[in-house]
Amino acid sequence: KILKLKNLKNIKEKKIILIQTPIAIGEEDLKNISENQNSEITIWKAELNSQKKWITKQNMPVIISGNSQEIFRYYKKNKIASDKKRFLNFAKYLYYKIDTFLPSNFIKKMEQIYLKINIDDSCEDEQSNKKSNSFILSKSFLKHLFVDYVNEVFPAPKTFQLSISNKCDIACVMCPYHSKKIKKLHNTDYFSNAQFMTLFAFKKIARYAAKWNINVRFGNIDEPFIHPKLDLFAEYAAKLGVKHMHISTNGTLMSEEKITKLLQSNVDDWQISINGISESTHSKISDTDIFSYQEIVNNVKKLISLRGKYLSRAKIRISTIRDILTESEIEEFIKFWKDNGADEVTIYVLSDYMKKNENSKYYLPIEEINHLQRKPCISAWNEMYFMPDGEVGVCCRSVGYLSAIKMKEISFGSIIDEDIGKIWTNKKFQLLRNSLIDNEKFSYKPCEDCTLWAYFNKKEFFTKEGDFVELTPWMKKITFK
């Protein structure tokens, strides 16, 4: 792990091993570190191996984490413009921060970008006007790569998140959209009248997803099984070549016929949210007595059985929340679904939408991130959200603004009359990407008081004072197979 250089002199250990990479510690820094007379310092150099992992010659894997403004350092400024290899390695590393794989033509694109970028203009040390042999990675360099050339580096999002309707058949007490208590805080009637995504809109989404190998995820503000054309949507996407589809459901409406059609249409990732392990707990959290806990359990068992029957590769995950009602049932919940053939159980810790802390031990301690160095949120490079009426958002918070608050200016456009690719690179999206890299004045309302950027990134952070911290995990996954 990379340490803040100014803190090294306070380390009491007698022996220190530093990992030197082209993006971490420069040669001038090594001279400064050697002034620490109390410790023996060993330098190991690291490179990207064939598996695209940073590793030292001593075969030790390297974990690089923290805020880019604080810890990314590069080799001497006067070498950068002439060293294409270092530039390409650096571009790879930045890409890994957002995506998990490189497209086959990534290197070729980076070589083209290398020829275009005026690197000298993007290597200013923004924290000092003094010239030095090593520099802190500048915002302008990030903007060159992740904004000016977003069409080449990230030509399309990795995931499409779909709300194909605005309806749900239960009213979970913690749901920001359908909870009876929280709906009273909405300043719109967005969820009063049913809205369903049209086949025309979905076809545009599916064609684009097939072209760019984008994951399609059903279920956000809605219960997707309510949509009468859910199975038709999935079938159409599969025929076009969409390789991966996910569905998030409460399990109430999963008939054998619909499950079969979805399994045969490449829906290969299922998440079923079940509140607790007993009828009493489930009915209290779901705030409904229309669907019994046992009905939902039987539906999930049916899904697991049909997966085996059709030799589907689908992964089945069961999730629940950790709160005052489920706390004593968590271990039993995990064991039950392990014994009944689920692949994974996820336990979620909630955000407190209503800002009331009567059960505060069961909510994310949002105050713990107030002193952190903010890191750019990955959503603007990673995903697009589609509302049932075709409006486009960028993250889960934008969905709330487009529905419960209904701020039209939050939308990035509408797929009803606009091209998805043009929306992805339009002026509004680019302004958001700029402001996320700046981490300062946000051009987008949902970002202003957002705390989810921290929990959806890696959990390790530097504070503003330079200390290293770990956040409370917002979920716990238990995998069985």
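Our structure's up above, just so we're on the same page.
Scope of this entry: the structure provided in the associated data block. (Residues numbered from 1 in each chain as written. Predicted model: local features only at pLDDT ≥ 70, side-chain atom pairs only at ≥ 80, totals over all residues. Heavy atoms only, no water.)

1. A look at the packing of helix α11 (residues 256-263) against helix α13 (residues 293-309)
- The contact between α11 and α13 brings their axes to 10 Å, and the two run at 40°. As judged from the angle between their axes, α11 and α13 are oblique. Where α11 crosses over α13, the handedness of that crossing is right-handed. Across the interface between the two elements, Glu256, Ile259, Thr260 and Leu263 of α11 pack against Asn299, Lys302, Leu303, Leu306 and Arg307 of α13.
- A per-class count over the contact of α11 with α13 returns four nonpolar, two polar and three charged. (Axes fitted to C-alpha atoms, helices over the stretch in contact; angles between N-to-C directions. Helix = DSSP H or I, 4+ residues; strand = E, 2+ residues; numbered from the N terminus. Parallel < 35°, antiparallel > 145°, perpendicular 65-115°, else oblique. Left-handed = near helix turned anticlockwise from the far one by under 90°. Contact = heavy atoms within 4.5 Å. Nonpolar A, V, L, I, M, F, W, Y, C, P; charged D, E, K, R; others polar.)

2. Side note on the packing of aromatic side chains
- Inspection of the entire model under this criterion finds 14 aromatic pairs.
- Their ring planes at 40° and their centres at 5.0 Å tell us that Phe412 and Tyr444 sit as a pair that is tilted. Placement of Phe412 in the loop between α16 (396-403) and α17 (420-424) and of Tyr444 in the loop between α18 (427-438) and α19 (452-456) is noted, with a sequence separation of 32 residues between them. For the pair shown, Phe412 and Tyr444 are each scored as buried. (Phe/Tyr/Trp six-rings, centres within 6.5 Å; stacked < 30°, edge-to-face > 60°. Buried < 20%, exposed > 50% of the residue type's maximum accessible area, 1.4 Å probe, protein only.)

3. A look at the pairing of strand β7 (residues 267-273)
- With six of its seven residues buried, β7 lies for the most part within the structure.
- Two strands pair when backbone bridges link them, and strand β6 (residues 245-249) and β7 are joined in this way by five bridges, in the parallel orientation. Bridge pairing in β7 links Ile247 to Trp270.
- Running through α11, the crossover from β6 to the neighbouring parallel element β7 is right-handed. (Pairing = 2+ DSSP bridges. Right-handed = clockwise from strand over helix to strand, strands pointing away.)

4. Some remarks on the pattern of salt bridges
- The final tally for this structure, using the stated rule, is twelve salt bridges.
- Here Lys335 and Asp339 are joined by a salt bridge, their closest N and O atoms 2.8 Å apart. A residue pair is termed a helical-turn pair when its members lie 3 or 4 positions apart in one helix, as Lys335 and Asp339 do in helix α14 (residues 330-339) at four residues.
- The partner of Lys445 in a salt bridge is Glu448, and the shortest N-O contact between them spans 3.4 Å.
- Take Lys445: its relative accessible area is 37%, and that puts it in the partly exposed class.
- We classify Glu448 as partly exposed; its relative accessible area is 48%. (Salt bridge = Lys/Arg side-chain N within 4 Å of Asp/Glu carboxyl O.)

5. Some points on α18
- Helix length check: α18, at twelve residues, gives a terminal C-alpha distance of 16 Å against a target of 16 Å (1.5 Å per residue), a fit within 8%.
- Those residues of α18 not exposed but buried are Phe429, Gln430, Leu432, Arg433, Ser435, Leu436 and Ile437.
- Two residues or fewer after α18 comes Asn439, characterised by a positive phi angle close to 55°. (Expected span 1.5 Å × (residues − 1).)

6. A few points about the sheet that holds strand β14 (residues 475-479)
- Read from one edge of the open sheet, nine strands run β11-β10-β4-β5-β6-β7-β8-β9-β14, paired in mixed fashion. Either end of the sheet is taken by a strand with one partner, and the two such strands are β11 (392-393) and β14.
- The pairing of strand β10 (residues 383-386) with β11 spans two bridges and is antiparallel. Within β11, the residue paired with Tyr385 across the bridge is Gly393.
- Of the strands in this sheet, β4 (159-162), β5 (215-218) and β10 are in contact with helix α9 (residues 199-212), which crosses β4 at around 160°.
- Along the sheet face, helix α10 (residues 230-240) touches β5, β6 and β7 and points at about 165° away from the line of β6.

7. Thoughts on the state of the cysteines
- Tallied over the full model, the rule gives zero disulfides.
- Cysteine Cys377 remains unbridged, with the sulfur of Cys450 as its closest cysteine sulfur at 6.4 Å.
- Of the cysteine sulfurs around Cys395, a residue in no disulfide, the closest is that of Cys396, at 5.6 Å.
- Here Cys395 falls in the buried class, since its relative accessible area comes to 14%. (Disulfide = S-S within 2.5 Å.)

Purely geometric stuff here, so don't read any function into it on its own.
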